[in-house]
Amino acid sequence: MQNDRIIAFVMAGGQGSRLQPLTTGRSKPSVPFGSRYRIVDFVLSNLVNSQIQTIYLLVQYKSQSLIEHVRKAWTISPLLQNQFVTVVPPQMMSGENWFQGTADAVNQNINLIEEHRPNLVAVFGADHIYRMDIRQMVEFHHRRQADVTIAALPVPLAEASSFGVIVADESGRIQAFEEKPTHPTSMPKQPDMAFASMGNYIFSADVLLQALHETQQAGETDFGQHVLPRLLRTHNLYAYDFATNVIPGVQPYETPVYWRDVGNLDAYFDAHCDVLGAEPAFDVFNPEWPIYSSSYQGPVARVLGGQIENTLLGAATMVHTGARIQNSIIRREAVIEEDVVLEDCIIMDYVRVSRGARLRRVIVDRHNIIEPGDEIGFDRARDAERFHVSPGGITVVHQGQVGYFARDIRGSGRRGYSE
């Protein structure tokens, strides 16, 4: 990879309708995850850790929250010209349309490819929780002399109908694409598994430029539906087996190849469970492959008393005496008052859970107050009258007043800490 010139386009315009109400005021990549991250931080960290540092984040829907996060958290180095993460909204340079699909999003910014003159272009999604050393995918691309390489995740054959399936031979050479097939084709030598496309691509730049020109002429807009099937007829397309990707510092107790699509509330909640415990399926603590995020400068969490079990606490959170918290994630500047009971909950930034409240399997979005003695998560029908309840029974309290901060010493509006 030493002589490669690579630029990356990250598709960060996702509307995230299945994550409502968490995406009422923000795009899917901007949704908080864990005790301090946003979903977008995972793909950006993978790129930066893989020494790909010319990164364009293509945004579209409800992008202001994401723009602010990138501005505060992702300044790499103003002194190095080709090391940056920058946000690119629809430019409408060739018409008045917003991005009509993944290929159209890149096509509307084709001038950036021409300006940098890379030999490879990475096109990655921004919607998943995972670690990946992209250098290994690039090396595979070169070894196979591929024109396009697609990251592929082995999934059980019984689950493959939910994915775009890649049919490939033993070398990884792609033979066909199957879009959510009723009877998916299995992997070579693994009859119980199928290759699912992860939506992450490495293109040889000249091939991509020609393909985008042809796609524009044909009025087509999407990589998965249009560009890749067209290229399959004339070029060398390969599937890179994500299961072979090796990340330094991964512990023996972790899921060896962790990748989660957090596209709906239940999957989002389950992924949070994966970061909890003494031996989590996905241990976010990995100094050899860090996940970067905001440089929040507030103090550490403060626990005045109570009983806390298997819980992550964000910076500047305050837990009062008598609180009982189990299997939960509390993000920064939250206040948990006396005698509160939280079981299997996600409490986001700037939330106050007032005295005596009881919550079970609840997500509370930012800037909220849970009233004293309130009970959420115990009566599904009652919860559904006030809040959103997922098919899996997760109750979601939508975002509160943006000007509200649980640590009320910030009530003057002077913000001393970055968000």
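This text goes with the structure placed above it.
Residues numbered from 1 in each chain as written. Predicted model: local features only at pLDDT ≥ 70, side-chain atom pairs only at ≥ 80, totals over all residues. Heavy atoms only, no water.

### With respect to the overall build of the protein chain
In terms of regular secondary structure, the protein chain is built from 9 helices and 27 strands. Taken against the 2.2 N^0.38 rule, which gives 22 Å for 419 residues, the C-alpha radius of gyration of the protein chain at 22 Å falls within 12% of a compact globule. If one aligns the C-alpha atoms of the protein chain with their principal axes, the spans along those axes are about 65 × 50 × 40 Å. Within the protein chain, contacts between residues separated by at least 24 positions form 60% of all contacts whose residues are at least 6 apart in sequence. As displayed, the protein chain has an accessible area near 18,600 Å², and 46% of this comes from carbon and sulfur atoms. Charge centroids of the protein chain, computed over 37 positive and 47 negative side chains, lie 5 Å from each other. (Helix = DSSP H or I, 4+ residues; strand = E, 2+ residues; numbered from the N terminus. Rg over C-alpha atoms; globule rule 2.2 N^0.38 Å. Contact = heavy atoms within 4.5 Å. Areas by Shrake-Rupley, 256 points an atom, 1.4 Å probe, with all protein chains shown as cover. Lys, Arg positive; Asp, Glu negative; His and termini not counted. Charge placed at Lys NZ, Arg CZ, Asp CG, Glu CD.)

### What to know about the layout of surface pockets
Each pocket or cavity is described by its volume, and for the largest pocket that value is around 1,600 Å³. As for the largest pocket, its lining consists of 46 residues, of which Thr102, Asp127, His128, Gly199 and Asp222 are closest to the centre. Mapped by element, the contributors of at least two residues to the lining of the largest pocket are helix H3 (102-107), strand S6 (120-125), strand S9 (164-168), strand S10 (174-179), strand S11 (193-204), helix H7 (223-232) and strand S13 (259-261). Take the lining of the largest pocket: its biggest share by element is 5 residues, from S11. A class-by-class count of the residues in the lining of the largest pocket yields 18 nonpolar, 19 polar and 9 charged. (1 Å grid on protein atoms, 1.4 Å probe; cavity = no way out; pocket = protein on both sides within 12 Å on 5 of 7 lines; lining within 4 Å. Points joined across faces, edges and corners; volume = space filled by probe spheres on them. Nonpolar A, V, L, I, M, F, W, Y, C, P; charged D, E, K, R; others polar.)

### Quick look at empty space enclosed by the protein
To find leftover empty space, one rolls a probe the size of a water molecule over the atoms. Following the criterion strictly, the structure yields 2 cavities of 30 Å³ or more and no others. In this structure, the largest cavity is lined by Phe269, His272, Cys273, Leu276, Asn327, Ser328, Ile329, Asp344, Cys345 and Ile346. Of all the elements in the fold, those that place two or more residues in the lining of the largest cavity are helix H8 (265-273) and strand S17 (324-330). Its residues assigned to classes, the lining of the largest cavity comprises 6 nonpolar, 3 polar and 1 charged.

### Overview of the packing of aromatic side chains
A complete count under the given rule lists 15 aromatic pairs for this structure. With a centroid separation of 5.6 Å and an interplanar angle of 85°, the aromatic rings of Phe33 and Phe42 are classed as edge-to-face. Phe42 shares its class with Phe33; the two are buried. Ring centres 5.2 Å apart and planes at 70° place the aromatic pair Tyr56 and Phe84 in the edge-to-face group. One end of the pair, Tyr56, is in strand S4 (residues 54-58); the other, Phe84, is in strand S5 (residues 84-88), and 28 residues separate them in sequence. (Phe/Tyr/Trp six-rings, centres within 6.5 Å; stacked < 30°, edge-to-face > 60°. Buried < 20%, exposed > 50% of the residue type's maximum accessible area, 1.4 Å probe, protein only.)

### With respect to the side chain of Arg131
Note that Arg131 resides in the loop between strand S7 (128-130) and helix H5 (134-143). From its side chain, Arg131 meets the backbone oxygen of Asp283 in a polar contact 2.8 Å long. Discounting chain neighbours no more than four positions away, the residues touching Arg131 are Asn46, Phe242, Ile247, Glu254, Tyr258, Phe282, Asp283, Val284, Phe285, Asn286, Trp289 and Ile291. (Polar contact = N/O pair within 3.5 Å; in protein donor to acceptor, adjacent residues only side chain to side chain.)

### Topic: the pattern of salt bridges
Applying the stated rule across the entire model yields 16 salt bridges. Glu68 is the salt-bridge partner of Arg71, the closest N and O atoms lying 2.8 Å from each other. Linking Arg71 with Glu68, this pair stays in helix H2 (residues 64-73), spanning 3 residues, or about one helical turn. Given a relative accessible area of 53%, Arg71 falls into the exposed group. Given the relative accessible area of 27%, Glu68 is considered partly exposed. The residue Asp349 makes a salt bridge to Arg332 at a minimum N-O spacing of 3.3 Å. Of the two residues, Asp349 is situated in the loop between strand S20 (346-347) and strand S21 (352-353) and Arg332 in the loop between S17 and strand S18 (335-336); the sequence distance between them amounts to 17 residues. According to the relative accessible area criterion, Asp349 is buried, its value standing at 0%. Connected through shared salt-bridge partners, Arg331, Arg332, Asp349 and Arg366 make up one network. (Salt bridge = Lys/Arg side-chain N within 4 Å of Asp/Glu carboxyl O.)

### Some thoughts on the pairing of S10
Relative to S10, S9 is paired through 5 bridges, and the arrangement is antiparallel. Counterpart to Val165 in the pairing with S10 is Glu178. (Pairing = 2+ DSSP bridges.)

### Remarks on the sheet that holds strand S16 (residues 318-319)
Spatially, 5 strands are ordered S14-S16-S18-S21-S24 in an open sheet, and the strand pairing comes out parallel. Either end of the sheet is taken by a strand with one partner, and the two such strands are strand S14 (302-303) and strand S24 (369-370).

### Thoughts on the side chain of Ser35
Assignment of secondary structure puts Ser35 in the loop between strand S2 (32-33) and strand S3 (37-38). On the basis of relative accessible area, Ser35 is assigned to the buried category, the value being 17%. Beyond its immediate sequence surroundings of up to four residues, Ser35 is in contact with Leu312, Gly314, Ile329, Ile330, Arg331 and Arg332.

### A look at H2
Within the sequence span of H2, burial applies to Leu66, His69, Val70 and Ala73. The arc that holds the buried residues of H2, viewed along the axis, is 95°, so those residues lie on one side. Next to the buried residues of H2 lie S3, helix H1 (40-49), S4 and S5. (Arc of directions from axis to C-beta.)

### Brief notes about the packing of helix H6 (residues 205-218) against H7
At their nearest, the axes of H6 and H7 sit 10 Å apart, and the two run at 115° to each other. As H6 runs across H7, the sense of the crossing is right-handed. The residues of H7 that touch H6, namely those facing Val207, Leu208, Ala211, Leu212, Glu214, Thr215 and Ala218, are Phe223, Val227, Arg230 and Leu231. (Axes fitted to C-alpha atoms, helices over the stretch in contact; angles between N-to-C directions. Left-handed = near helix turned anticlockwise from the far one by under 90°.)

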